[in-house]
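This is what each chain is made of:
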Amino acid sequence: MIMGLLIFHAMTRIKTLIVLIFFTNWLWADLQINLEGNKDITLRTVNFGETPYFSASRMAEEHEIRIYNRKETGKFVFYFPANQVKITANSSFIMIGRQMVHMVAPAIQAGEEIFVPVHSFSKILKDNIYSALQYSYAADDSALVFAIPGHLQTSQTVTGSSEGVYLQSIDFEEKKNGTTIILQTNGNFGEDDFSSFFKDNNYFYFTIYKCRAEERRINDQNPTRSISSVKAYSNENSTQLVFHLTKNFNSADIFFNPGTRQIVISLFLPLNEEIKEKISSAKETWTIDTIVLDPGHGGMDPGTPSRWKNMMHEKDIVLDVVQRLGKLLEKETDLNVVYTRKTDVAVPLWKRTQIANDAKGKLFISIHVDGVDSKQAHGFSSWLLRPGRSEDAIKVAEKENAVIQMETAEDKKRYENYDNVTAILANLVHSSNMMESEVFAEILSKNVTQKVPQKNRGVKQAGLYVLVGADMPKVLIELGFNSNYEEAKKLNDRRHRQLLAETIFNSIVEFKIHCDKDINQYESD
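The structure reproduced in this document is the subject of the present report. Everything quoted here is computed from the prediction, not taken from an experiment.

Time to look at the packing of aromatic side chains. To describe a pair of aromatic rings, one takes the distance between the centres and the angle between the planes. Applying the stated criterion across every chain yields a total of 13 aromatic pairs. On the numbers, 4.7 Å between centres and 5° between planes, the contact of F197 with Y205 is stacked. The class of Y205 is buried, set by a relative accessible area of 17%. Joined through ring pairs, the aromatic side chains of F172, F198, F204 and F243 make up one cluster.

Below, the structure is given as structure tokens:
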């Protein structure tokens, strides 16, 4: 692990913030801050492996950006003017508003601080928060320059005194696992402005510094069944609230929302048997333990046929990749692997998803090889179930759905409404798996870009029959184009097929880690 320096240089005349990052074997640098002149502001950076990181909380401190940081669960939130950015320790996924974005490396928690990868996080800021941000990076002994124009910076300062800042009201909300206390104020606060503790399991003391309150008004509050009374003690510099508890709360979480100026106190009860049972049931439902592998086509249906002598049809290529992938999963993990076919046989589309559902699969992967009239098209792609309207989506859907013409009349009846956009949307609305499908597809796409010497066409969407019935996260993969000579040669190379299998395998493992971590966080919360 290599330590380094992150240097902020404030230039008041042009109102620009520049971040310079140098790497060195020296340990932690001193923190030197002066925002009023042309002096440097020095922060600490660190390399984890080959990736440079910096502290999210230190960045927020120097930008005066409001944050929420709960070290117990590794959750960290930036309150940027344009949007919220939520970071979770040990995860490479972050949430910007309701959008999930992927970093090239995970956030790392060290003590009470969350560290984020410099380059990846900087690019995300530029793409989603500060469009005018500029940065560049050269060799190790050169610098990363990271600039935010002054007019895009905002200062959400903490109130310097209690003058004019009041606790205006208190509301209570009973929940199954505890009680939430909502304190409405007219001020801004930081983490250092609060203190709290439990006493004798009967009282919870909460102090707000730089805030006043009308004691009588607070004392007249009528709390809930979990809190019998609340007393306020206020002076010029602070207000202390004493809550008389009727239940045995064992922990508390405090959060300030700068948008509403509310202080939210969550008092938690020990987990009872009912909640433990629900968590256990949720873990069993969502834990990734069964992977369903679906090699497309088979039997009389060759899929995309070989156009060149001594080369394989689609059905044979995908079966080989699935067998390689299955062996990796069975050897290297404790996952249950289910196959829709293991030999060269035809399986109706509806039967494939039925196999997946009967096995209680947690991830359905249908593997195919693409083919078009043009000999130029090439590349790997991942497909999600959505009504696609692009030319690519229509062609892929037509090709993959055409297999039903080889099925029996009885089988065909099962697809009467499958091409109805409303039916597809209804399937999505009733599925809680769409987000997980997107997560897996993005993980796979990232790994293909990094590991496979092949064009990555990205994540797309289409109305694919084979995905409609699967009640689990589901993705259709096109390994490449059998209609392109150079790519067909790759797909007929066992070493390339092994690399494809290993890349999909690594993506499944990463997806499982991501999902299992979310379940464990749910349990700890």
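In this structure, H297 takes a positive phi of about 65° despite not being glycine. The topology assignment puts H297 in the loop between β23 (290-295) and α5 (314-332). For H297, a relative accessible area of 6% translates into the label buried. Even without being a glycine, K360 presents a positive backbone phi close to 55°. Along the chain, K360 turns up in the loop between α6 (349-358) and β25 (363-370).

Along strand β4 (residues 51-55), four of the five residues are buried, which leaves the element largely enclosed by surrounding structure. Relative to strand β11 (residues 113-117), β4 runs antiparallel, the two sharing three bridges. In the strand pairing of β11, Y53 is matched with P117.

What follows concerns the pattern of salt bridges. Counted under the stated rule, the structure contains 13 salt bridges. Across the salt bridge formed by E486 and K489, the nearest N and O atoms sit 3.6 Å from each other. Residue E486 and its partner K489 are located together in helix α12 (residues 485-491), separated by three residues, close to a single helical turn. R495 is the salt-bridge partner of D493, the closest N and O atoms lying 3.3 Å from each other.

Here we take up the pairing of β23. Burial analysis of β23 places six of its six residues in the buried class, the great majority of the element. Residues of β23 alternate between two faces, with T290, V292 and D294 on one and I291, L293 and P295 on the opposite face, all of them buried. Note that β23 and strand β24 (residues 336-339) share four bridges and pair parallel. Along β24, the bridge assignment pairs I291 with V337. For the crossover that starts at β23, traverses α5 and ends in the parallel β24, the hand is right-handed.

The sheet built from four strands is open, its strands ordered β16-β17-β20-β19 with antiparallel pairing. At either margin of the open sheet sits one strand with a lone partner, and together these are β16 (194-199) and β19 (227-234). If you compare each strand with its neighbour and ignore which way they point, the axes differ by 15° on average. Here β16 runs beside strand β17 (residues 203-209); their pairing, made up of six bridges, is antiparallel. Residue K199 lies in a different strand from β17, and its bridge partner there is Y203.

Checked against the element boundaries, A82 lands in the loop between β6 (75-79) and β7 (84-88). Distance from A82 to G97, taken between C-alpha atoms, is 9.4 Å for residues 15 residues apart in sequence.

What follows covers α6. Turning to α6, its buried residues number three or more, namely L349, W350, R352, T353 and A356. Summarising the axial view, the buried residues of α6 lie within an arc of 160°, below the 170-degree limit, and thus occupy one face. One or two residues past the end of α6 sits K360, with phi positive at roughly 55°.

How each quantity is defined
- Residues numbered from 1 in each chain as written.
- Predicted model: local features only at pLDDT ≥ 70, side-chain atom pairs only at ≥ 80, totals over all residues.
- Heavy atoms only, no water.
- Phe/Tyr/Trp six-rings, centres within 6.5 Å; stacked < 30°, edge-to-face > 60°.
- Buried < 20%, exposed > 50% of the residue type's maximum accessible area, 1.4 Å probe, protein only.
- Helix = DSSP H or I, 4+ residues; strand = E, 2+ residues; numbered from the N terminus.
- Pairing = 2+ DSSP bridges.
- Salt bridge = Lys/Arg side-chain N within 4 Å of Asp/Glu carboxyl O.
- Right-handed = clockwise from strand over helix to strand, strands pointing away.
- Axes fitted to C-alpha atoms, helices over the stretch in contact; angles between N-to-C directions.
- Arc of directions from axis to C-beta.

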